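Understanding the architecture of this molecule
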Amino acid sequence: MKCGVVIFPGSNCDRDLIEVLKDTTGSPVTELWHRDTDLQGCTHIFLPGGFSYGDYLRSGAIAKLSPVMQSVISHAANGGFVFGICNGFQILCESGLLPGALLRNTSMKFSSKNVFLKPGNLHTAVTEGMAAETVLKVPIAHGEGRYYADETTLAHLEQNGQVVFRYCSENGTLSDDANPNGSLNHIAGICNSGFNVFGMMPHPERCAMEYLHNTNGRAVFQAIVHSALTTV
Amino acid sequence: MQAAVATVDQARQLGLLEEEYQKICEILGREPNFTELSVFSVMWSEHCSYKNSITWLKTLPREGSRMLAAAGEENAGLVDIGDGLACCFKIESHNHPSAIEPYQGAATGVGGINRDIFSMGARPIAQLNSLRFGNIDTDRTKWLVKGVVKGIGDYGNAFGIPTVGGEVYFDDCYEQNNLVNAMSVGIVPVGKQISAGAGPAGNPVYIFGSATGKDGIHGAAFASKDMSEDSISDLPSVQVGDPFWEKLILEASMELIETGAVVGMQDMGAAGITCSTSEMSAKTGVGMDVWLDKVPMRQADMKAWELLLSESQERMLVVIQKGMESVAEQVFQKWELTYEQIAVVTDTGRVRYFMNGVLEGDIPAESLVLGGGAPVYKREWETPSYFAEIEKFQLDAIADINPAEARVAALKLSAEPNIASKRWIYEQYDSMVGTVNQSTNVPSDAAVVAIKGTNRSLALTVDCNARYVFADPDKGCQIAVAEASRNIRVTGGVPTGVTNCLNFGNPYNKEVYYQFKHAIDGMGKACRKFDTPVTGGNVSFYNQSTSGNAVYPTPTIGMVGIIEKPEHRMSLHFKNAGDLIYLVGKTRNDLGSSQYLAKLKGVEYSPCPYFDLEEEYNVQMAVYNAITNGMLQSAHDISEGGLFIAALESAMAGKLGFDLCTESGLRLDAALFGESQSRVMVTVSPASQLALESHLQQAGVAYTHIGTVASAGVVVNGESWGNTDEFAHGYNTSIGNRMNQ
């Protein structure tokens, strides 16, 4: 397992993600600059949160055209692991690596707070080891996080088990009150049909260290490490 | 030299006094041309020169063993925080721009303060802000709140530095002239900080970041005059921000510093190229030859004075070690920034501005800057006439309340915008990016931010109850400092340094000047007592309504403290039902300037609460020592809304309730809602009760066992008031509901 974190101009969660990946994998993490096309042998590619290229057009719309993304798209096509968080998720949707789109929150406001998540499928590289009743407290911080897909796509996602996380209440129930942005089917994270490309709006890297008094997000990184060990 | 001579009339139009025009002629040995006059007008504006405030600012304690930069000498304050690290911090106002264009005004305020931090080589890690608005129920205020909050959010969120704390007040005096004070805090290894100097002659000087346009011309002058109905015509003086560029400039600056190529760096804020070139030159006692035509421009037809005065955002001036030009240029190219060498350091001591080979201005650098030739005034003051109204106040004229009325008042007070949760506002700010915010999951009076690479933390706060300062500028400002220090102490931190943002009315108004002078006196006394030197900050005069009434004197205190060990860190939420609630400090029959009196009883004029620095200090130290000795379960400062609101906040955060018994011999309203100063509400487990009492006795501070933490109910003097949730509803939804109406 060799982790690489892509850095776009405007990425601002890259350092946080690198710190957590180093801590959970015990290995160095490669920084991949947006203008490079060489993924330097990384097996696991991470797209961090932030405002790539300022996100003035539409979140992720410019990033998908960057040189590094052409390599990431090939990596994904070859079955390689790709994980996008927040802006990373938006970029994956814009790139077509994940279905659907992320629209403005129904509140029309940026929203930064802790929310609760439950796994939608226990057998993926980011949820392995979690239980059906697992509820994770994880922060969100986004203005465009409302997951949207057309009915057919949504039905496919549900049937195939591609919904990896849903927003829920503290005790695990699904409700509109517990859905912070109006996402369809309470979707907080999904994967592609090949189960190798993942995206989620909440930030597990912001709750993975003891000194932050919340380590719920660590389960996501532990799942990734564990599934990397078992699939190699 | 451009020949046309500028007149006294032009000087007046640019905001200069006739005597100042004469002084300029003396300095130059001739009459200035228009470009030179423009340069003097911005550098000698209140905003850049501190001409009406510096005399008093110099009386503040500005030295301390931890200080690494002399107060006001650099772009921001710098204190040693141990482990080879320094904390760089500053607060700055962006009031006038935010009053006419709230979104851009607030956004560029955030951008400017962060540039001050990273121009010193420190990577910003946390931001705070202090906001003042008028009545939340007016359409104008809602427009301002929405714009300011979105401006701060959009800029800070994209820039990627968490907003970890702040304060927001709503009072009528801010209706036309809202206040936006932004603070940024960064970390730099000791010895790696960058100075705003220029080094020896021959060093190349680069501008990098955005291109220069006509936006923000005369912004500094705009900040230095009264807000009026005509202020909307100053709209072109408001700058436009771009957080994406700022982020690139931050990363480029950090990389540039790593290369060792940087001699000095300064951001371009007020007065743009003029200010940065003259201040950097004066600091080192050198000069600069500046070729204005080389400045990357957004439009083709810019004149010399426009280039000099433009306040286009996201620009930096950096002096590079001669011979390392290509190293620097590689960094600019990597980050795809606009850059150009626009000047060279000279040994003339003069800033000389050229345009297409023509000398447009030639001025001794020293003559332009604070501490150099910039004028210094001591204005006259007189006791404000409204003090007579305050003296008329008689507590006995206000009837005390019975228990049933007290419950109703408690419900109302907990939904008052100045007391209610500000979550509608702060949830629009990314508070967790950077993974340093240790308060997200464990709330405390001061925001706690991890110092990465160590096991220590910073405790950060901004405070100013301006209603107190209005009632008594000296005592009120002492209280502002004391509350900041108290917030840090009850969080387990040691107060270390202060940055201040002094928001006042027109300094030529003698009553305003009285407020200013006496507030500074009070600040000095308190900062000495708490051993928190003032490391720098900013003065914002001319804050007033269209009718000429000044805003409340609002000397916002930004304070930085250090939490030495993780086990010292204290939180404010109740922990266990059955823990005992103690009030440390003395409650007086005092309703002075309380939110209860102002908002529920409609009393505008009442005295500042009783305050004694010695008593305050003893309470803070007694609580701090109880915390570091592991005696306490929680600690929460008692401020707006009094004891009841403090208990409610601790109960809500801990999802618990409380059973309170007010002290005998006090009015019920004063006991529950009075804002007697120097008080902290703490909880202790029954097992530690005796140890705590004995500790407090030894410390010689007053204390009262006033109640017990309950599971969910609120009980006051034996009477059930319902559940915490009933009070929490108004507290949590009041501001959001009002904003959405």
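Re the packing of helix α8 (residues 139-159) of chain B against helix α10 (residues 243-259) of chain B
Residue and element names in this part refer to chain B. Interaxial distance between α8 and α10 falls to 8 Å at its minimum, and their mutual angle equals 35°. Taken as a pair, α8 and α10 cross one another with a handedness that is right-handed. Seen from α8, the contacting residues are Asp154, Tyr155, Ala158 and Phe159; seen from α10, they are Pro243, Glu246, Lys247 and Leu250.

Quick notes on the sheet that holds strand β7 (residues 136-142) of chain A
All names here are of chain A. With mixed pairing, nine strands are arranged side by side in an open sheet as β2-β1-β3-β4-β11-β10-β9-β6-β7. Both outer strands of the open sheet, β2 (29-33) and β7, are each paired with one neighbouring strand and no more. Direction aside, neighbouring strands of the sheet carry axes that sit 25° apart on average. In the sheet, strand β4 (residues 81-85) pairs with strand β11 (residues 197-200) via four bridges, with the strands oriented parallel. Each bridged residue has a counterpart across the sheet, and for glycine 84 the counterpart in β11 is glycine 199. Across the sheet, helix α1 (residues 14-25) lies against β1 (3-7), β2, β3 (44-47) and β4, angled at about 175° from β1, the strand it touches most.

Remarks on unusual backbone geometry
Even without being a glycine, Gln40(A) presents a positive backbone phi close to 55°. When you line up the elements, Gln40(A) lands in the loop between β2 and β3. Backbone geometry at Asp531(B) places phi at a positive 55°, although glycine is not the residue there. Relative to the elements of secondary structure, Asp531(B) occurs in the loop between α19 (510-529) and β16 (534-540).

Notes on empty space enclosed by the protein
One way to see where empty space is left: roll a probe the size of a water molecule over the atoms. In the structure shown here, the tally under the stated rule is four cavities of 30 Å³ or more. If you add up the space inside the largest cavity, you get close to 80 Å³. Surrounding the largest cavity, Asn114(A), Pro139(A), Arg206(A), Cys207(A), Leu212(A), Asn214(A), Met432(B), Thr435(B), Val436(B), Asn437(B), Thr440(B) and Asn441(B) form its lining. The residue makeup of the lining of the largest cavity, split by class, is five nonpolar, six polar and one charged.

Some remarks on the pattern of salt bridges
Residue and element names in this part refer to chain B. Counting across every chain of the model gives 44 salt bridges over all chains. With its nearest N and O atoms 3.6 Å apart, the salt bridge here joins glutamate 306 to lysine 214. Of this pair, glutamate 306 sits in helix α12 (residues 304-309) while lysine 214 sits in the loop between β6 (204-209) and α9 (219-222); the two residues are 92 residues apart in sequence, bridging distant segments of the chain. Glutamate 306 sits in the buried class, given a relative accessible area of 8%. Judged by its relative accessible area of 30%, lysine 214 is partly exposed.

Concerning the interface of chain A and chain B
Listed by partner, the interface residues are 32 residues for chain A and 35 residues for chain B. Here chain A and chain B share an interface that buries about 2600 Å² over both sides, 52% of which is from carbon and sulfur atoms. Counting across the chain A and chain B interface gives five salt bridges. For Glu19(A), the salt bridge is made with Lys452(B), and the minimal N-O distance between the two is 2.6 Å. If you look at where chain A meets chain B, you find 19 residue pairs in polar contact (both at pLDDT 80 or more). Listing elements by their share of the side of chain A that touches chain B, those giving two or more residues are α1, β6 (111-119) and β7 of chain A. For the side of chain A that touches chain B, a count of residues per class yields twelve nonpolar, ten polar and ten charged.

A look at the domain arrangement of chain B
How big an interface is tends to be stated in terms of the accessible area lost upon association of its parts. Each assigned domain of chain B is listed here: domain 1 (1-62 + 195-376) and domain 2 (415-424 + 570-741). In this structure, domain 1 of chain B and domain 2 of chain B have C-alpha centres spaced 49 Å apart.

Let's talk about the nonpolar core
Among the nonpolar cores identified, the biggest contains 111 residues, and Phe83(A) and Phe165(A) are the most heavily contacted of them. It is α10(B) that provides the largest number of residues to this core, a total of eight residues. For this core, the domains that each give at least three residues are domain 1 (1-62 + 195-376) and domain 2 (415-424 + 570-741) of chain B. In contact with Phe83(A), not counting residues within four places along its chain, are Ile45(A), Phe46(A), Leu47(A), Leu92(A), Val126(A), Phe198(A), Gly199(A), Met200(A), Val220(A) and Ile224(A). Residues Ala480(B), Val498(B), Leu502(B) and Val539(B) belong to the second largest nonpolar core, which totals 52 residues.

Observations concerning helix α3 (residues 87-95) of chain A
Residues and elements named next belong to chain A. The element α3 is extensively covered by neighbouring structure, given that eight of its nine residues are classed as buried. Within α3, burial applies to Asn87, Gly88, Phe89, Gln90, Ile91, Leu92, Cys93 and Ser95. Among the residues trailing α3, glycine 96 stands out with phi positive, at a value near 85°.

Some thoughts on the side chain of Glu175(B)
Residues and elements named next belong to chain B. Looking at the element boundaries, glutamate 175 is found in the loop between β4 (163-170) and β5 (179-189). Among buried Asp, Glu, Lys and Arg side chains, glutamate 175 stands out as unpaired, with arginine 140 the closest opposite charge at 5.4 Å. A distance of 2.7 Å separates the side chain of glutamate 175 from the side chain of threonine 138, its partner in a polar contact. The contacts of glutamate 175, once residues within four sequence positions are left out, are Gly134, Asn135, Thr138, Arg140, Thr141 and Leu144.

Observations concerning the sheet that holds strand β20 (residues 657-660) of chain B
All names here are of chain B. Here we have seven strands laid out as an open sheet, ordered β19-β21-β18-β22-β20-β23-β24, and mixed in their pairing. On the outer flanks of this sheet lie β19 (634-637) and β24 (719-723), each paired with one strand and no other. Going from strand to strand, the sheet's axes swing by 25° on average, the running direction of each strand aside. As defined by bridge partners, β19 adjoins strand β21 (residues 680-684) across four bridges and the pair is classed as antiparallel. By the bridge assignment, serine 634 is partnered in β21 with threonine 683. Against the sheet, helix α21 (residues 613-628) makes contact with β18 (580-584), β19 and β21, and its axis sits at roughly 25° relative to β21, the strand it touches most.

A short note on α1(A)
Residues and elements named next belong to chain A. The first and last C-alpha atoms of α1 sit 16 Å apart over twelve residues, in line with the 16 Å expected at 1.5 Å per residue. Those residues of α1 that sit buried are Asp14, Asp16, Leu17, Ile18, Val20, Leu21 and Thr24. Positive backbone phi, at 70°, marks glycine 26, one or two positions downstream of α1.

Things to note about the pairing of β4(B)
Residue and element names in this part refer to chain B. Most of β4 sits out of view: six of its eight residues are buried. In terms of strand pairing, strand β3 (residues 123-133) meets β4 through seven bridges, oriented parallel. Bridged to leucine 128 within β4 is glycine 165.

Let's talk about the environment of Glu74(B)
All names here are of chain B. Tracing the sequence through the fold places glutamate 74 in the loop between α5 (54-57) and β1 (77-82). Expressed as a C-alpha distance, the spacing of glutamate 74 and methionine 280, which sit 206 residues apart in the sequence, is 9.8 Å. With residues up to four places along the chain from it excluded, the contact list for glutamate 74 reads Ala69, Met120, Ile194, Ser195, Ala196 and Lys283.

A few points about the pairing of β3(A)
Residue and element names in this part refer to chain A. Where burial is concerned, the two faces of β3 agree: the one with His44 and Phe46 and the one with Ile45 and Leu47 are both buried. For β1 and β3, the ladder comprises three bridges, and the chain directions are parallel. Counted as the bridge partner of valine 5 is phenylalanine 46 from β3.

Calculation criteria
- Residues numbered from 1 in each chain as written.
- Chains lettered and ligands numbered in written order.
- Predicted model: local features only at pLDDT ≥ 70, side-chain atom pairs only at ≥ 80, totals over all residues.
- Heavy atoms only, no water.
- Axes fitted to C-alpha atoms, helices over the stretch in contact; angles between N-to-C directions.
- Helix = DSSP H or I, 4+ residues; strand = E, 2+ residues; numbered from the N terminus.
- Left-handed = near helix turned anticlockwise from the far one by under 90°.
- Contact = heavy atoms within 4.5 Å.
- Pairing = 2+ DSSP bridges.
- 1 Å grid on protein atoms, 1.4 Å probe; cavity = no way out; pocket = protein on both sides within 12 Å on 5 of 7 lines; lining within 4 Å.
- Points joined across faces, edges and corners; volume = space filled by probe spheres on them.
- Nonpolar A, V, L, I, M, F, W, Y, C, P; charged D, E, K, R; others polar.
- Salt bridge = Lys/Arg side-chain N within 4 Å of Asp/Glu carboxyl O.
- Buried < 20%, exposed > 50% of the residue type's maximum accessible area, 1.4 Å probe, protein only.
- Buried area = accessible area lost by both parts, 1.4 Å probe.
- Polar contact = N/O pair within 3.5 Å; in protein donor to acceptor, adjacent residues only side chain to side chain.
- Domains from an automatic or database assignment.
- Core = buried A, V, L, I, M, F, W, Y, C linked by side-chain atoms within 4.5 Å.
- Lys, Arg positive; Asp, Glu negative; His and termini not counted.
- Expected span 1.5 Å × (residues − 1).

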